[in-house]
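# Chain and residue survey
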Amino acid sequence: MAKTKRFFISDIHLSSQTLYDDPNKPAWFNPEKHGPRLISFLENYVLADKDNVKDLILLGDIFNTWVCPAKKPPPKFTEIFVANKPIMNMFKKIIKNGINIFFVNGNHDFDLDRETIEKAIPKIKMVNCYRTGRIYAEHGHQYDIYNRPDFITDPAYGRPIGYFISRLAASIDTSGYGILDLASYIDDILESALTPQNIFSSIIEGLSERANMKETDKIVMPDQKKISIDELKFRFEKLSNVYTLNELISDLYQRRYLNGPADRLCKKHDLNVVIFGHTHNAMIDKDWFLIEDRIYANTGSWCKENAYSVEVDKSQNPKTPTFVRLHKIEMDGKISETKEEKIS
């Protein structure tokens, strides 16, 4: 009997032991709190159903090298792998039991290359996106101006302003995950519409002030080089000629859900199921706005109180409907709620 199920998870945001041990708790993922939930879910719903589960898709931001205080060197992927051995071992176990694992880069692990991930998890399949038939999935940051690769300001590495937002936000002495929501800095953004200063400089200035960093203070980069706050503001000034203020502000709101990009992909590529991560806002809907007879689902995240996974059950029989399910997973790793849509 052919396997029909595919599970999608994203935005786990695994970090290094150094950041896990940091008393200010900058890491989004907490291995003691969130780790057992993830392992339990993978064990009981993916691995235990290996006769029916075909693929597990890791849909980006599984690892996180962005969220690190500005004055500390960001973690290397090898350090993250070592700090999360139980989860890495679970991924290996899933593959050994005949389930494919596909890895798609997100923005927080955008520079993780094939050689590095395949060495850490042998036989994992690294892809730019996941597609089977009319089902399509990618992380979603490509539709977010602030987080998609930016080779205009950073020709060598493509680090967007979202990278520096994450570094500065991780330097703020505060508790609570909400501080990392870019919309919380809307006052600084709107101020840029009233002054000659462009929107990117306003964001950098607002965050650096909250982090008690002066313009001459520097952010430590992965290669141990450093860039000052003042240099950052100058670097991103050139983008003021690329995007309009309306585009930049509207993007802040579109990035919360990404329904629009999902609809456009369906129309352009004749898709009927699109799955994104990135927003940390889990959702599932059908026939939302621009197009009918389509399902859009978002995988949410695994570094908050609630975690989510999207399941797609697709038979090879073209007459059988495709079922898309959004599962809510509690701290004990059990599914407590499922929302389902189906499409022919």
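Rules used in this analysis
- Residues numbered from 1 in each chain as written.
- Predicted model: local features only at pLDDT ≥ 70, side-chain atom pairs only at ≥ 80, totals over all residues.
- Heavy atoms only, no water.
- Helix = DSSP H or I, 4+ residues; strand = E, 2+ residues; numbered from the N terminus.
- Rg over C-alpha atoms; globule rule 2.2 N^0.38 Å.
- Buried < 20%, exposed > 50% of the residue type's maximum accessible area, 1.4 Å probe, protein only.
- Pairing = 2+ DSSP bridges.
- pLDDT = per-residue confidence, 0-100.
- Contact = heavy atoms within 4.5 Å.
- Core = buried A, V, L, I, M, F, W, Y, C linked by side-chain atoms within 4.5 Å.
- Axes fitted to C-alpha atoms, helices over the stretch in contact; angles between N-to-C directions.
- Parallel < 35°, antiparallel > 145°, perpendicular 65-115°, else oblique.
- Left-handed = near helix turned anticlockwise from the far one by under 90°.
- Nonpolar A, V, L, I, M, F, W, Y, C, P; charged D, E, K, R; others polar.
- Salt bridge = Lys/Arg side-chain N within 4 Å of Asp/Glu carboxyl O.

### With respect to the overall build of the protein
Scanning the protein from N- to C-terminus turns up eleven helices and 14 strands. The globule rule puts the C-alpha radius of gyration for 344 residues at 20 Å, and the 20 Å found for the protein is close to it. Dimensions of the protein along its principal axes, counting C-alpha atoms only, are 65 × 45 × 35 Å. Burial status across the protein gives 54% buried among its 344 residues.

### Considering the environment of D293
Note on placement: D293 falls in the loop between β10 (283-286) and β11 (295-298). Distance from D293 to E330, taken between C-alpha atoms, is 31 Å for residues 37 residues apart in sequence.

### What about the pairing of strand β1 (residues 5-9)?
In terms of burial, β1 is a largely internal element, four of the five residues being buried. Where β1 and strand β2 (residues 53-58) come together, five bridges link them in parallel fashion. Pairing of I9 across the sheet is with L58, part of β2.

### Describing the confidence of the model for the protein
Confidence in the prediction of the protein, expressed as mean pLDDT, is 90, and 92% of residues score 70 or more. Of the regions scoring below 50 in pLDDT, residues 175-180 engages in twelve contacts with residues more than four places distant in sequence or in other chains.

### Thoughts on the nonpolar core
Core analysis: the biggest nonpolar cluster contains 41 residues, and I9, L14, L42, L58, F63, F91 and I94 have the highest contact counts within it. Mapped onto this core, the elements with two or more residues apiece are β1, α1 (17-21), α2 (31-46), β2, α3 (77-83), α4 (85-96), β3 (100-103) and α5 (114-120). When residues in this core are grouped by element, the largest group, six residues, is from α4. Core analysis: the second largest hydrophobic core is formed by 29 residues, F164, I203, L207 and I249 among them.

### A look at the packing of helix α8 (residues 199-210) against helix α9 (residues 229-237)
It is the contact of α8 with α9, at a shortest axis distance of 8 Å, that shows an interaxial angle of 160 degrees. When the axis of α8 is compared with that of α9, the two are roughly antiparallel. Between α8 and α9 the crossing geometry is right-handed. Of α9, the residues touching α8 (which contributes F200, S201, I204, E205 and S208) are I229, L232, K233, F236 and E237. In terms of residue class, the contact of α8 with α9 is built from five nonpolar, two polar and three charged.

### With respect to the pattern of salt bridges
A complete count under the given rule lists 15 salt bridges for this structure. A salt bridge links K72 to D22; the shortest N-O distance between them is 2.6 Å. Here D22 lies in the loop between α1 and α2 and K72 lies in the loop between β2 and α3, a separation of 50 residues in the sequence. Accessibility expressed as a relative area gives 34% for K72, which makes it partly exposed. The exposure class of D22 is buried, given its relative accessible area of 6%. Among the salt bridges present, the one from K214 reaches D217, with a minimum N-O distance of 3.7 Å. Judged by relative accessible area, K214 falls into the exposed class, the value being 54%. Take D217: its relative accessible area is 14%, and that puts it in the buried class. Through salt bridges with shared partners, one network takes in E311, D313, R325 and E340.

### Looking at the side chain of S208
Turning to its location among the elements, S208 is positioned in helix α8. Judged by its relative accessible area of 4%, S208 falls in the buried class. In contact with S208, not counting residues within four places along its chain, are L168, M213 and I229.

### Description of the sheet that holds β1
Taking strand neighbours across the sheet as the criterion, the seven strands line up as β4-β3-β2-β1-β12-β13-β14 in an open arrangement whose pairing is mixed. With partners counted over all chains shown, the strands left at the sheet margins are β4 (125-126) and β14 (335-343), one partner each. Where β2 lies against β3, four bridges are found, and the strand directions are parallel. Along β3, the bridge assignment pairs I57 with F102. Along the sheet, α2 makes contact with β1, β2, β12 (307-313), β13 (322-329) and β14, crossing β1 at roughly 170 degrees.

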